[in-house]
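Spelled out, the chains give:
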Amino acid sequence: MKFHFESDLKEEARIYFDKCRDKYLYSNLNDIDFAKYIKDLFPKFKNYIYGNGAYSSISYYQYFFIIYKKITGKELNCKKDIEKFVIKELVEYKINISDRYDPFYSDIYQQIEEMIEENEEYKNYYKELQNEKYQNIDIDLFLDNLSSDEIRETFYSDTIKQYNDFEIESIVKSFQANSDFYHEFFIFFSSAMDVKKQEEYDRNDNLFQAYLDFLELDENKIKKEKILKTLERQEHNCFLLQILKT
């Protein structure tokens, strides 16, 4: 009952604000009164930005931050709180990607990453949150919770950077010990991929560096040679071949 009551309150707050916005755009609500509505209602959004099925991108909130500043000449007090809250959501999303992977979410969180890139304070905050979160998560635990399909999804260009949060040495060990992980990696990156798609990947990412280190192990010297010949015989030019030739 408490959960449903809280959800209903959140939904009503959103509906009320949307009505105020519509009144501002399509009726006679003036600048000063609308700025007051933003100031009064936006702090309430901080703790449930993605709740109740109302998944709004950070650009939705920034649109109103800009309007408020234009009207009042100053930043909205809760602006930083809301932006930092969505950064926290991004960290949680990356950790739980097996549960929440979806192109819809991916678009939302890409906008947050772009916001982080433009703000040094947010870059540091994001890094702190990541370090704090990943201290309690190792790659074995991460991979053990994924199915083969979900492992494959982590190799997409917009999700692969999460491997940069693990030590290269630990990823090498996963290539050694986890056959599903190795298999999905090899199949994904040895398959046909157009040049434009290949350019979306950074060859210096930890995952690729770990694979190269894996092949340099004494136990894999011949394996590396055989893999290279096999890939060269393929009719298509795959990304894995490009990595091995670098």
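All values reported here derive from a predicted model rather than from experimental measurement. For every chain, the first residue of the written sequence is number 1, and numbering continues from 1 onward in sequence order. Local features in a predicted model are, by the rule used here, given only for residues with pLDDT of at least 70; side-chain atom pairs are given and counted only at 80 or more, and totals for whole chains, interfaces and linings are based on all residues. Side-chain metrics in this entry use all non-hydrogen atoms of the structure; hydrogen atoms and water are not considered.

A. Spatial organisation of the overall build of the chain. Going along the chain from the N terminus, every DSSP run of H or I of four or more residues is numbered as a helix, and every run of E of two or more is numbered as a strand. Each helix and strand in the chain was counted, giving 15 helices and zero strands. The contact definition used throughout considers only heavy atoms, calling two residues in contact when any of these lie within 4.5 Å. Of the contacts made within the chain by residues no fewer than 6 positions apart, 70% connect residues no fewer than 24 positions apart.

B. A nonpolar patch on the surface, seen in detail. A surface patch of nonpolar side chains, amounting to about 380 Å² of accessible area, comprises L25, Y26 and Y63. Mapped onto the fold, Y26 is located in helix α1 (residues 2–26). The patches described consist of residues with a relative accessible area above 30% and no salt bridge, like charges being joined within 9 Å and nonpolar side chains (Val, Leu, Ile, Met, Phe, Trp, Tyr) within 5 Å. Methods summary: accessible areas were calculated by the Shrake-Rupley approach with a probe of 1.4 Å, and residue burial reflects only the protein chains presented. For salt bridges, the criterion is a side-chain nitrogen of Lys or Arg within 4 Å of an Asp or Glu carboxyl oxygen.

C. Focus on α1. The span one expects for a helix is its residue count, reduced by one, times 1.5 Å. Its 25 residues give α1 an end-to-end C-alpha distance of 36 Å, which sits within 8% of 36 Å, the value for a rise of 1.5 Å per residue. Exposure classes here rest on a 1.4 Å probe applied to the protein chains alone. A residue is buried below 20% of its type maximum, exposed above 50%, and partly exposed in between. Of all the residues in α1, the buried ones are S7, A13, R14, F17, C20 and Y24.

D. Seen up close, the pattern of salt bridges. In this structure the tally under the stated criterion is 17 salt bridges. Between E75 and K69 there is a salt bridge whose closest N-O contact spans 3.3 Å. For the salt bridge of K79 with E83, the shortest nitrogen-to-oxygen distance reads 3.1 Å. Taken together, the residues K79 and E83, both in helix α4 (residues 79–95) and four residues apart, mark about one turn of the helix. Shared partners join several salt bridges into a network, and the residues in it are D18, R21 and D22.

E. Geometry of the side chain of Q242. Mapped onto the elements of the fold, Q242 is located in helix α15 (residues 239–245). Once you skip the residues sitting within four places of it in the chain, Q242 turns out to touch Q198, R203 and N237.

F. Structural detail: the packing of aromatic side chains. Side-chain rings of Phe, Tyr and Trp, where Trp is taken by its six-membered ring, are said to pair if the distance between their centres is within 6.5 Å; with planes under 30 degrees apart they count as stacked, over 60 as edge-to-face, and otherwise as tilted. On inspection of all chains with the given rule, the structure shows 40 aromatic pairs. With 5.4 Å between their ring centres and 70° between their planes, F175 and Y211 make a pair best called edge-to-face. Of this pair, F175 sits in helix α10 (residues 168–177) while Y211 is found in helix α13 (residues 206–215), placing the two residues 36 residues apart along the sequence. Between F188 and F189, the ring centres sit 4.8 Å apart and the planes meet at 65°, which makes this aromatic pair edge-to-face. Across the pair, F189 and F188 agree in class, each one buried.

G. Summary view of helix α3 (residues 58–72). Here α3 contains 15 residues, and its C-alpha end-to-end distance of 21 Å stays within 8% of the 21 Å for a straight helix at 1.5 Å per residue. Along α3, the positions that sit buried rather than exposed are I58, Y60, Y61, F64, F65, I67 and Y68. Directly beyond the C-terminal end of α3, a positive phi value near 80° is found at G73.

H. Structural detail: the packing of α10 against helix α11 (residues 179–190). Where α10 meets α11, the axes come as close as 6 Å, and the angle between the chain directions of the two elements is 100°. Here α10 lies roughly perpendicular to α11, going by the angle between them. Along the contact surface, α10 presents I171, S174, F175 and A177, while α11 presents S179, F181, Y182 and F185. Charged means Asp, Glu, Lys or Arg here, nonpolar means Ala, Val, Leu, Ile, Met, Phe, Trp, Tyr, Cys or Pro, and polar covers whatever is left, Gly included. A per-class count over the contact of α10 with α11 returns six nonpolar, two polar and no charged. To obtain an axis, a line is fitted to C-alpha atoms, over the contacting stretch when the element is a helix, and the angle between two such axes runs from 0 to 180 degrees between their N-to-C directions. Oblique is the label for every angle not falling under 35 degrees (roughly parallel), over 145 degrees (roughly antiparallel), or within 65 to 115 degrees (roughly perpendicular).

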